[in-house]
Amino acid sequence: TVTGFLVNGWNNARDNNNAKTGAAQVAWKVLPSLTLTQAWMGGPEGPNGAVGWRNLYDTIATWTVNPKLTLMTNVDIGRDTVNGQTAAWQGVAGYARVNILPSWAVTPRYEIFEDRDGFMTGTAQTVRELTLTSEHVILKGLSIRVEYRRDWSTEDFFEYREDQFRANQSTILVGFTYALSRQG
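Residues numbered from 1 in each chain as written. Predicted model: local features only at pLDDT ≥ 70, side-chain atom pairs only at ≥ 80, totals over all residues. Heavy atoms only, no water.

Caption draft 1: Local environment of the overall build of the protein. Helix and strand counts for the protein come out as zero helices and 12 strands. Along the chain direction, N to C, the helices and strands of the protein fall in the order β-β-β-β-β-β-β-β-β-β-β-β. By its C-alpha atoms, the protein is 55 × 45 × 30 Å across when sized along the principal axes. Counting across all 184 residues of the protein, residues that qualify as buried make up 26%. In the protein, the proportion of contacts linking residues at least 24 apart, taken out of those at least 6 apart, comes to 37%. With the model as given, the accessible surface of the protein reaches about 11900 Å², and the carbon-plus-sulfur share is 58%. (Helix = DSSP H or I, 4+ residues; strand = E, 2+ residues; numbered from the N terminus. Buried < 20%, exposed > 50% of the residue type's maximum accessible area, 1.4 Å probe, protein only. Contact = heavy atoms within 4.5 Å. Areas by Shrake-Rupley, 256 points an atom, 1.4 Å probe, with all protein chains shown as cover.)

Listed below in structure tokens is the structure:
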């Protein structure tokens, strides 16, 4: 599968310039159980008309070991150049989806994100994250997800009181999803 995009802006609610960013993605089903996806996104994303170019390379490998276990890894490498200065960031994530019952799956995930120049997060840091998600199918098309997530940073980055920060945080999420149509 080959996909292309042309977009306004990047990680902002309102475009910060008049330039366009392009993206391309190739997904290849190498084996019936293994899919590789490579994406690139790039464009002149310097803020407020500043000269610059941003690139992101995104690689995903998904391996369905058997009907009950799927493994996935995701690697992102990003670079941004504004007025001759280059900022770099990268991350890697690993997932496992375990179908315990036809209506219940558990997904642990571990991620590391290095923002050595503080470009993406505003703080030069390395952030690690561990998440455990439990997904329950209630009715056909309707599911509930309960997720616990723990984040750690090399810096006091997470706000926990007004104007007070610490190097870690925990969050819990409960969400409902209803699929209007199901494929496959």
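The structure having been displayed, the exposition proceeds.
Caption draft 2: Region of interest: the environment of Asn83. One can find Asn83 in the loop between strand S5 (69–82) and strand S6 (85–101). Through-space distance from the C-alpha of Asn83 to that of Asp151 is 33 Å; in sequence the pair is 68 residues apart. Ignoring anything within four residues of it in the chain, the contact list for Asn83 reads Ala50 and Val51.

Caption draft 3: The arrangement of the sheet that holds strand S2 (residues 20–31) in detail. Here 10 strands make up an open sheet; going across it, the order is S1-S2-S3-S4-S5-S6-S7-S8-S9-S12 and the pairing antiparallel. For this open sheet the edge positions go to strand S1 (2–8) and strand S12 (168–178), each flanked by a neighbour on one side alone. Direction aside, the axes of adjacent strands within the sheet are offset by 15° on average. In the sheet, S5 pairs with S6 via 14 bridges, with the strands oriented antiparallel. In the strand pairing of S6, Thr73 is matched with Gly94. (Pairing = 2+ DSSP bridges. Axes fitted to C-alpha atoms, helices over the stretch in contact; angles between N-to-C directions.)

Caption draft 4: Main features of the side chain of Thr21. Within the secondary structure, Thr21 is located in strand S2. We classify Thr21 as buried; its relative accessible area is 0%. Within the structure, the side chain of Thr21 is placed 2.4 Å from the side chain of Glu45, a separation counted as a polar contact. If we skip the residues at most four places from it in the chain, Thr21 touches Phe5, Leu6, Val7, Trp10, Met41, Gly42, Gly43 and Glu45. (Polar contact = N/O pair within 3.5 Å; in protein donor to acceptor, adjacent residues only side chain to side chain.)

Caption draft 5: Representation of the pattern of salt bridges within the structure. Here the structure, examined in full by the defined rule, presents seven salt bridges. Its salt-bridge partner being Glu111, residue Arg109 comes within 2.8 Å of it at the nearest N-O pair. With a relative accessible area of 15%, Arg109 lands in the buried category. With a relative accessible area of 25%, Glu111 lands in the partly exposed category. Arg145 is the partner of Glu135 in a salt bridge, and the nearest nitrogen-oxygen pair spans 3.5 Å. Linking Glu135 in strand S8 (residues 125–139) with Arg145 in strand S9 (residues 142–153), this pair joins segments that are 10 residues apart in sequence. Judged by its relative accessible area of 13%, Glu135 is buried. Residue class for Arg145 comes out partly exposed when judged on its relative accessible area of 41%. Overlapping salt bridges bring together Arg97, Glu135 and Arg145 as one network. (Salt bridge = Lys/Arg side-chain N within 4 Å of Asp/Glu carboxyl O.)

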